[in-house]
Amino acid sequence: MSKTVWGVIETPVGPLAAALDGAGRLTRLSFGKAERKRIVDEGGERNDRALAFVARQIAEYFAGRRRNFDLPFAVKGTAFQKEVWAELLRIPFGKTTTYAALARKVGRPDAFRAVGRANATNPIAVIVPCHRVIGTDGTLTGFAGGIAIKQKLLELEGAIS
């Protein structure tokens, strides 16, 4: 594969738009019409078949047969964003953490708002599990796909009932 491709993956909580770079690495996976438009606007051609390996793992996740993903991905972001996203990958399936705890884990305990912003700009939803971050008081806040989808993902994982 030599150029960027994109496609749409249907899920029980709505469509996910996905993009792969020329090396076949996932660069975007996003809920929401605005996010899908951004992926399309970034260029490349639509090729849902090229995304079959992503769609298969997403389907397994929603069917309750997958807790971890093993997809190649490449994200663009600042060093701080990448550090936060790497920490998100350490949150176990079925568990949650808070923005404040995440800020402490990246060594910036007073930067919970910056951590929240990095979380909000996570380009690979579900796989880089930003949905597992909740407010200190236990409220479900800040998810690009919407709070209803965040709640469904956490229910699917057994993190909330």
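This text follows the structure it describes.
A few points on the structure. None of these values were measured; they are calculated from a predicted model.

**What about unusual backbone geometry?**
Part 1 of the argument: Look at Val-126: it is not a glycine, yet its phi comes out positive at around 70 degrees.
Part 2 of the argument: The topology assignment puts Val-126 in the loop between helix H5 (112–120) and strand S6 (133–134).
Part 3 of the argument: The class for Val-126 is buried, based on a relative accessible area of 1%.

**What about helix H2 (residues 52–62)?**
Part 1 of the argument: When H2 is considered as a whole, its buried residues turn out to be Val-54, Gln-57, Ile-58, Glu-60, Tyr-61 and Phe-62.
Part 2 of the argument: Directly after H2, the chain includes Gly-64, whose backbone phi takes a positive value near 80 degrees.

**Notes on the packing of aromatic side chains**
Part 1 of the argument: Applying the stated criterion to the full structure yields four aromatic pairs.
Part 2 of the argument: Here Tyr-61 and Phe-62 contribute two aromatic rings whose centre-to-centre distance is 5.1 Å and whose plane-to-plane angle is 85 degrees, an arrangement assigned as edge-to-face. The residues Tyr-61 and Phe-62 share a single accessibility class, namely buried.
Part 3 of the argument: Following the ring pairs from residue to residue traces out a cluster consisting of Tyr-61, Phe-62, Phe-69 and Phe-93.
Part 4 of the argument: The ring of Phe-80 carries Arg-108 above its face, with NZ or CZ at 4.6 Å from the centroid.

**Things to note about the nonpolar core**
Part 1 of the argument: By size, the foremost hydrophobic cluster in this structure holds 39 residues, and its most contacted members are Leu-26, Leu-29, Phe-31 and Ile-58.
Part 2 of the argument: If you list the elements that add at least two residues to this core, you get strand S1 (5–9), strand S2 (16–20), strand S3 (26–30), H2, helix H3 (79–88), helix H4 (99–105), H5 and helix H6 (147–156).
Part 3 of the argument: For Ile-58, the contacting residues outside a window of four places in its chain are Ile-9, Thr-11, Leu-16, Leu-29, Phe-69, Val-126 and Ile-127.

The rules behind each value
Residues numbered from 1 in each chain as written. Predicted model: local features only at pLDDT ≥ 70, side-chain atom pairs only at ≥ 80, totals over all residues. Heavy atoms only, no water. Helix = DSSP H or I, 4+ residues; strand = E, 2+ residues; numbered from the N terminus. Buried < 20%, exposed > 50% of the residue type's maximum accessible area, 1.4 Å probe, protein only. Phe/Tyr/Trp six-rings, centres within 6.5 Å; stacked < 30°, edge-to-face > 60°. Lys NZ or Arg CZ within 6 Å of the ring centre and 35° of its normal. Core = buried A, V, L, I, M, F, W, Y, C linked by side-chain atoms within 4.5 Å. Contact = heavy atoms within 4.5 Å.

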